[in-house]
Amino acid sequence: KQYKFEFPLLSDPDKEVARAFGATSKWLFGAVTRANFIVNRGGDIVFAHVDGVPVTHHKSSDLQEVLKELKAQGKI
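Residues numbered from 1 in each chain as written. Predicted model: local features only at pLDDT ≥ 70, side-chain atom pairs only at ≥ 80, totals over all residues. Heavy atoms only, no water.

Asker: Which residues make up the overall build of the protein, and what are the values?
Answerer: Check the secondary structure of the protein and you find two helices and two strands. Starting at the N terminus and walking to the C terminus, you meet the elements of the protein as α-β-β-α. The burial tally for the protein puts 14% of its 76 residues in the buried class. Contacts in the protein between residues at least 24 apart in sequence constitute 25% of all its contacts with a sequence separation of at least 6. Carbon together with sulfur atoms contributes 55% to the accessible area of the protein, which is approximately 6,500 Å² in total. (Helix = DSSP H or I, 4+ residues; strand = E, 2+ residues; numbered from the N terminus. Buried < 20%, exposed > 50% of the residue type's maximum accessible area, 1.4 Å probe, protein only. Contact = heavy atoms within 4.5 Å. Areas by Shrake-Rupley, 256 points an atom, 1.4 Å probe, with all protein chains shown as cover.)

Right under this line is the structure:
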C-alpha cells in the first residue's frame, strides 16, 4: 500500500516458495538467491531468471526491456 504497487507482493519468511521455484543457492547452504519472475494475469510464469549467487542480479533497465518485449508479444 505504501508504494501503491498495482500488483501483490509475496513475503516468504520460511523460504517455501523460494525452494519451490528453485531460488535457493546450492553454494550458500540453501540461502535465498536473487530471482526474477514475471507472472501474467492468468497465473502463468512468462519470464524466469534465477541467479546462481545472490551478488549478481539483473539491472532494472534489463527487466524493463523484458517487460516491453513481453507486452509486444501479448504475453502480459
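And the narrative resumes.
Asker: Outline the packing of aromatic side chains, listing residues and values.
Answerer: A ring pair, where both rings are aromatic, is described by two values, the distance of the centres and the angle of the planes. Inspection of every chain in the model, using the stated rule, returns two aromatic pairs. Where Tyr 3 meets Phe 5, the ring centres are 6.0 Å apart and the plane angle is 35 degrees; that geometry is what we call tilted. Aromatic pair Phe 21 and Phe 37: ring centres 5.0 Å apart, planes at 65 degrees, arrangement edge-to-face. In this pair, Phe 21 is assigned in the loop between α1 (16-20) and β1 (35-39) and Phe 37 in strand β1, connecting sequence segments 16 residues apart. (Phe/Tyr/Trp six-rings, centres within 6.5 Å; stacked < 30°, edge-to-face > 60°.)

Asker: Describe in detail the pattern of salt bridges, supporting the description with residues and values.
Answerer: All chains considered together, the criterion is met by one salt bridge. Here Glu 65 makes a salt bridge to Lys 68, at a shortest N to O gap of 3.5 Å. Note that Glu 65 and Lys 68 are positioned in helix α2 (residues 60-72) at a spacing of three residues, about one turn of the helix. On the basis of relative accessibility, which here comes to 39%, the residue Glu 65 falls in the partly exposed class. The exposure class assigned to Lys 68 is exposed, which follows from its relative accessible area of 52%. (Salt bridge = Lys/Arg side-chain N within 4 Å of Asp/Glu carboxyl O.)

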